[in-house]
Amino acid sequence: HILSRQVYGFDCQSTKDQIVRKNEVPMLNLYAFPTLQPSPGKCPRIKEVLRLLCDGNKEVMKWVLNWSPALTQHPERRAMVAVVVLSPQQGIGKSLYGRLLAAIIGEGNSTVVSNKALKDSFNSHYVTKLLVLADEVAVNRGSSNTMAEVKAAITDDRVHCATPYASRTTITNRMSWWLTSNKPDPILIEKDDRRFTVL
């Protein structure tokens, strides 16, 4: 309540400050500073999960290992490429790897969305996050509006933000996406669409 009298909106800057300035205007900082403390060493179990997800392809593993650290090195900058992990097998780590990323960047900076949430008119619970995990995603071919929203959320500089009892607004897009599914074709991706990398 006290902060609401001092700020004029919200922003996301990777600092511990609760109030940040944007164009000299005080804003509430939505960034949740990660609580996980990194330590040096090897991570064989995580690399094994990654090897399974990439089907042992070293080039693909290298790409994912470059994509992943960018979330912590530049948390406010969206990835511009969503990772879609497909496998009919359960329990191989599709969602687990996404949750590891969420723990690394900070639980408060990520969220899990369902298919229903992607189709909902209210989206403020995920458009203000840095990492969006879409588990068991399936956007059928009849949901072209939903797919258009997802594509916009991957690449557009600004996205709409709708929350109950508040006017719809436009905010800076900072979302990176990790999508998983057990289905072979959960979403329609055109050939040469650079917004998606499919594992």
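Going by the structure above, here's the rest.
The rules we used
- Residues numbered from 1 in each chain as written.
- Predicted model: local features only at pLDDT ≥ 70, side-chain atom pairs only at ≥ 80, totals over all residues.
- Heavy atoms only, no water.
- Helix = DSSP H or I, 4+ residues; strand = E, 2+ residues; numbered from the N terminus.
- Rg over C-alpha atoms; globule rule 2.2 N^0.38 Å.
- Buried < 20%, exposed > 50% of the residue type's maximum accessible area, 1.4 Å probe, protein only.
- Areas by Shrake-Rupley, 256 points an atom, 1.4 Å probe, with all protein chains shown as cover.
- Pairing = 2+ DSSP bridges.
- Axes fitted to C-alpha atoms, helices over the stretch in contact; angles between N-to-C directions.
- Contact = heavy atoms within 4.5 Å.
- Parallel < 35°, antiparallel > 145°, perpendicular 65-115°, else oblique.
- Left-handed = near helix turned anticlockwise from the far one by under 90°.
- Nonpolar A, V, L, I, M, F, W, Y, C, P; charged D, E, K, R; others polar.
- Phe/Tyr/Trp six-rings, centres within 6.5 Å; stacked < 30°, edge-to-face > 60°.
- Lys NZ or Arg CZ within 6 Å of the ring centre and 35° of its normal.

Caption draft 1: Region of the structure containing the overall build of the chain. The secondary structure content of the chain amounts to six helices and 10 strands. Relative to the globule expectation of 16 Å for 199 residues, the C-alpha radius of gyration of the chain, 18 Å, shows essentially globular dimensions. The dimensions of the chain, computed from C-alpha atoms along their principal axes, are 55 × 50 × 25 Å. Sorting the 199 residues of the chain into buried and exposed places 40% on the buried side. Approximately 12000 Å² of the chain is accessible, and the part contributed by carbon and sulfur atoms is 53%.

Caption draft 2: Region of the structure containing the sheet that holds strand S4 (residues 82-86). Strand order in the open sheet formed by five strands is S5-S6-S9-S4-S10, and the pairing between neighbours is parallel. The sheet terminates laterally at strand S5 (110-113) and strand S10 (196-198), the two strands that pair on one side only. Strand-to-strand twist of the sheet, defined as the mean angle between neighbouring strand axes without regard to direction, takes the value 20 degrees. Relative to S10, S4 runs parallel, the two being bridged by three bridges. Along S10, the bridge assignment pairs Val83 with Thr197. With respect to the sheet, helix H2 (residues 58-73) is in contact with S4, strand S6 (131-134), strand S9 (176-181) and S10, its orientation differing from that of S9 by roughly 130 degrees.

Caption draft 3: Structural context of the pairing of strand S3 (residues 25-29). Strand direction decides the pairing type here: strand S1 (residues 10-11) and S3, joined by two bridges, are parallel. Note on S3: the bridge partner recorded for Phe10 is Leu28. Where strand S2 (residues 19-22) meets S3, four bridges bridge the pair, whose relative direction is antiparallel. Note on S3: the bridge partner recorded for Ile19 is Leu28.

Caption draft 4: Just the packing of helix H1 (residues 44-53) against H2, in detail. One way to put it is that H1 packs onto H2 with a least axis distance of 9 Å and a crossing angle of 125 degrees. Between H1 and H2, the angle is such that the two are oblique. Judged by the twist between their axes, the crossing of H1 over H2 is right-handed. Taking contact as the criterion, the partners of Lys47, Leu50 and Arg51 in H1 are, on H2, Met61, Val64 and Leu65. Its residues assigned to classes, the contact of H1 with H2 shows four nonpolar, no polar and two charged.

Caption draft 5: Local environment of the pairing of S9. Taken across its six residues, S9 has six buried, putting it largely inside the fold. Side chains Ser176, Trp178 and Thr180 project from S9 onto one buried face, and the interleaved Trp177, Leu179 and Ser181 project onto a second face that is buried too. Here S4 pairs with S9 via four bridges, running parallel. Each bridged residue has a counterpart across the sheet, and for Leu86 the counterpart in S9 is Ser181. Of the strand pairs in this sheet, S6 and S9 are connected by four bridges, and their pairing is parallel. Across the sheet, residue Ala134 finds its bridge partner in S9, namely Leu179.

Caption draft 6: The packing of aromatic side chains, seen in detail. Tallied over the full model, the rule gives five aromatic pairs. Geometrically, the ring pair formed by Tyr31 and Phe33 is edge-to-face, given 6.1 Å between the ring centres and 85 degrees between the ring planes. The class of Tyr31 is buried, set by a relative accessible area of 12%. The interplanar angle of 20 degrees and the centroid separation of 6.4 Å between the aromatic rings of Trp63 and Trp67 together place this pair among those described as stacked. Within this pair, Trp63 and its partner Trp67 are both found in helix H2, separated by four residues, close to a single helical turn. An aromatic cluster is present here, built from Trp63, Trp67, Tyr97 and Trp178 joined pairwise through their rings. When the ring centre of Phe33 is taken as origin, the NZ or CZ atom of Lys16, which lies over that ring, is 4.8 Å away.

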